[in-house]
Amino acid sequence: TINFETKLATSYVKTANYRKLEQLPKFTSGENTAAYEKVQFNFETKKAFIREVRTQEGEFFLLAGKSKYVSGIDTTKDKGKFYNINSLITTCNHPYPHFGVRAMKLKMVPDKLAVLGPSMIEIFGIPTPLVLPFGFFPLVKGQSSGLIFPSSYDYDRDLGFGFREVGWYFPINDYIDMRVTGDIYTRGTHAIRTNGNYTKRYKYRGNFSLGYTNTIRELQGERESAPSFNFSLSHTQDGKAHPYRQIGGNINISTNLYNARTFNNAANVLNNTLRSSFNFNYRWPESPFKFSMGLDHNQNNLTREVNLTLPTANLNMNSINPFKRKNGGGEDKWYESIVLGYNASFRNFIKATDTTLFTPQILDNLQLGMDQNANLSTNFRILKYINVSPSAQVTNINFFRILERNLLDTLQIDTFRLGTNSLGESVFRRDTTFGVIKDQYVSTFSPYLNGNLSVSANTQLFYTKQFTKGFIRGFRHVMKPSVGLNYSPDTKSVYERFVDTDTREGFN
């Protein structure tokens, strides 16, 4: 109905008819469209009063009991504003949303921003104790910061009622974005995770995540806390990014069954092995040297054992001819065929459990060392027909931690409580052991040197016999005699140490 005296246009649908309609009527002003049950629009003031409004802005759906719409003066620049009372903002597209944020007051500027006052999270029409003092919901198309609604609402007999994956999204710049989400349960269990993606065209791309979960359960009247951590990184470098330097790989390290405690699904619970490999490689231009450094990791979730090598470093040199002339003419001299090779490696190995990985306790089990290997070889002829190939190799190994085994000559007493007897007295069991061997790694510098010398000589002898008659017209016989000499000094006896000790008095 239109009243030209009051300049009001009123549109509504009766309840009986409304229930038969598949869609609500729509109100359109410029680019703004909203479904409604009843609307009054003033042509002079360009204001509208709407009841039971339903509209969509980006990924959000807005449902309001009463709304006031104020149109902009220039609809091409100012798209107007909505003022709402008792509104629900949600990402659920059902006619009656399963969840959302219920706000008593809300102001919305289409394609820009929605600002709400005190509000609370509502699930299936039931308000929850989670209250928000205020909120901002960006409605800009494209990347923009904003609230991430919970992915699920759970109930666990041990954990209680909770929300999963509620948080905030941050588009930091054109190359990287990040989201911070968390879980919270009424009985204390909580978790927080940071996930990010980054990319730069023709350079690199990857993603990372850092997570913390603290699972709290009540067992026999006592609260048990089980914190766990996870760090994962995946980095891929474009093949054209750098001609001499490459970096990339995957890292996936967790403690205390993080995946099984945080993501209670088959893919994470049944995955018993975690592996990581991340490497950096550099090749010096116009040089025979190459350098690589990396991380290797494997983890078994059944045995809870973690093997971590960090870092492992290698320096390799391609074989070179150090005495070869650059602009030499004629036949090569014997020393020009000398070939030199060298490589070195460093390794730090850690063996621990997934509950002691990031604790000072792992320092007691560090195993680190370095080895170097150099070789020298050449090839020349003597007496015109004999090929001689001498070579030498030197290996140097340096240990910075060694395993020391000690025999404890004291009596060890272990006490175990078995329970109580009929009188209510505690019953204990005591086990005694003697001569326990204790292993421990000790920081020290222990070098090991070994070498090898060898020389070999070989030649070829040919004999040919031909016949002028008969079925066999000839034969040829070739002999390749060779002789070699190898010498490797016995350095084992220099480094071996035998200890034979009897802890009894008078026997050593």
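Residues numbered from 1 in each chain as written. Predicted model: local features only at pLDDT ≥ 70, side-chain atom pairs only at ≥ 80, totals over all residues. Heavy atoms only, no water.

Some thoughts on the packing of aromatic side chains
Within a pair of aromatic rings, the relevant descriptors are the distance that separates the centres and the angle that separates the planes.
Right, so step 1: Tallied over the entire structure, the rule returns eleven aromatic pairs.
Right, so step 2: Where W334 meets F380, the ring centres are 6.3 Å apart and the plane angle is 70 degrees; that geometry is what we call edge-to-face. Residue W334 is found in the loop between β24 (305-320) and β25 (339-353), and its partner F380 is found in strand β27 (residues 380-382); the two are separated by 46 residues along the sequence.
Right, so step 3: Take W334: its relative accessible area is 53%, and that puts it in the exposed class.
Right, so step 4: Consider the rings of F400 and F445, whose centres lie 5.8 Å apart with planes at 50 degrees: the pair is tilted. In this pair, F400 is assigned in strand β28 (residues 386-408) and F445 in strand β31 (residues 436-458), connecting sequence segments 45 residues apart.
Right, so step 5: Residue class for F400 comes out partly exposed when judged on its relative accessible area of 29%.
Right, so step 6: On the accessibility criterion, F445 (49% relative accessible area) is partly exposed.
Right, so step 7: What links up through ring pairs into an aromatic cluster is the set Y198, Y204 and F208.
Right, so step 8: Taking the ring centre of Y175 as reference, the NZ or CZ of K200 above it sits at 5.7 Å. (Phe/Tyr/Trp six-rings, centres within 6.5 Å; stacked < 30°, edge-to-face > 60°. Helix = DSSP H or I, 4+ residues; strand = E, 2+ residues; numbered from the N terminus. Buried < 20%, exposed > 50% of the residue type's maximum accessible area, 1.4 Å probe, protein only. Lys NZ or Arg CZ within 6 Å of the ring centre and 35° of its normal.)

Remarks on a nonpolar patch on the surface
Right, so step 1: A surface patch of nonpolar side chains, about 610 Å² in accessible area, is lined by Y463, F467, F471, I472 and F475.
Right, so step 2: Tracing the chain through its elements places F467 in the loop between β32 (461-466) and β33 (474-479).
Right, so step 3: Residue class for F467 comes out partly exposed when judged on its relative accessible area of 34%. (Patch = residues over 30% accessible without salt bridge, like charges linked within 9 Å, V, L, I, M, F, W, Y side chains within 5 Å. Areas by Shrake-Rupley, 256 points an atom, 1.4 Å probe, with all protein chains shown as cover. Salt bridge = Lys/Arg side-chain N within 4 Å of Asp/Glu carboxyl O.)

Notes on the side chain of R401
Right, so step 1: With respect to the element layout, R401 can be found in strand β28.
Right, so step 2: Buried R401, no salt bridge; nearest opposite-charge side chain is D364, N-O distance 5.7 Å.
Right, so step 3: Among the polar contacts listed, one links the side chain of R401 to the backbone oxygen of L366, at a separation of 3.0 Å.
Right, so step 4: Among the polar contacts listed, one links the side chain of R401 to the side chain of S443, at a separation of 2.8 Å. (Lys, Arg positive; Asp, Glu negative; His and termini not counted. Polar contact = N/O pair within 3.5 Å; in protein donor to acceptor, adjacent residues only side chain to side chain.)

Some thoughts on the nonpolar core
Grouped burial of nonpolar side chains is what soluble globular proteins tend to show.
Right, so step 1: Grouped together as the largest cluster of nonpolar side chains are 21 residues, with contacts concentrated most on A48, I50, I89, M108, L116, F137 and F149.
Right, so step 2: Of all the elements in the fold, those that place two or more residues in this core are β5 (38-42), β6 (47-57), β7 (60-70), β8 (81-90), β9 (99-109) and β10 (113-116).
Right, so step 3: Tallying contributions element by element places β9 first for this core, with five residues.
Right, so step 4: Non-local contacts of F149, meaning those with residues more than four positions away in its chain, are made with F60, I89, T90, T91, F99, G100, V101, F137, E165 and V166.
Right, so step 5: Residues I253, V306, L308 and L357 belong to the second largest nonpolar core, which totals 13 residues. (Core = buried A, V, L, I, M, F, W, Y, C linked by side-chain atoms within 4.5 Å. Contact = heavy atoms within 4.5 Å.)

What about the environment of A241?
Right, so step 1: Structurally, A241 can be placed in the loop between β20 (222-237) and β21 (245-254).
Right, so step 2: Note: C-alpha distance between A241 and R201 (40 residues apart in sequence) is 9.4 Å.
Right, so step 3: Setting aside chain neighbours within four positions, we find A241 in contact with Y202 and K203.

A word on the confidence of the model for the protein
Right, so step 1: Residues of the protein with pLDDT of at least 70 account for 90%, and the chain-wide mean is 83.
Right, so step 2: Per-element averaging of pLDDT across the protein places helix α1 (residues 15-18) at the bottom with 49 and strand β34 (residues 482-487) at the top with 95.
Right, so step 3: When the criterion is pLDDT under 50, residues 16-22 qualifies, and its contacts beyond four places in sequence or with other chains add up to three contacts. (pLDDT = per-residue confidence, 0-100.)

Some points on unusual backbone geometry
Glycine aside, negative phi is the norm for most residues, and most peptide bonds take the trans geometry.
Right, so step 1: Across the junction of L310 and P311, the peptide omega takes the value -5 degrees, indicating a cis bond.
Right, so step 2: Structurally, P311 is set in strand β24.
Right, so step 3: Of note, L257 is a non-glycine position whose phi angle comes to about 55 degrees, a positive value.
Right, so step 4: Notably, K384 is not glycine yet its phi reads approximately 75 degrees, a positive angle.
Right, so step 5: By the element assignment, K384 lies in the loop between β27 and β28.

Some points on the pairing of β9
Right, so step 1: Note: β8 against β9, seven bridges, orientation antiparallel. Of the residues in β9, the one forming a bridge with L88 is R102.
Right, so step 2: Where β9 and β10 come together, four bridges link them in antiparallel fashion. Residue pairing in the sheet places K107 in a bridge with V115 of β10. (Pairing = 2+ DSSP bridges.)

Concerning the pattern of salt bridges
Right, so step 1: The full count for this structure, using the stated rule, is twelve salt bridges.
Right, so step 2: The residue R193 makes a salt bridge to E165 at a minimum N-O spacing of 2.8 Å. Here R193, found in strand β18 (residues 190-200), pairs with E165, found in strand β16 (residues 160-170); they are 28 residues apart in sequence, far enough to count as distant. Neither R193 nor E165 differs from the other in exposure class; each is buried.
Right, so step 3: Salt-bridge contacts for R325 lead to E336; the nearest nitrogen and oxygen are separated by 2.8 Å. Remark: E336 occurs in the loop between β24 and β25 and R325 occurs in the loop between β24 and β25; sequence separation between them is eleven residues.
Right, so step 4: Looking at R325, the relative accessible area reads 34%, which means it is partly exposed.
Right, so step 5: Connected through salt bridges with shared partners, the residues R164, E165, R179, D183 and R193 form a single ionic network.

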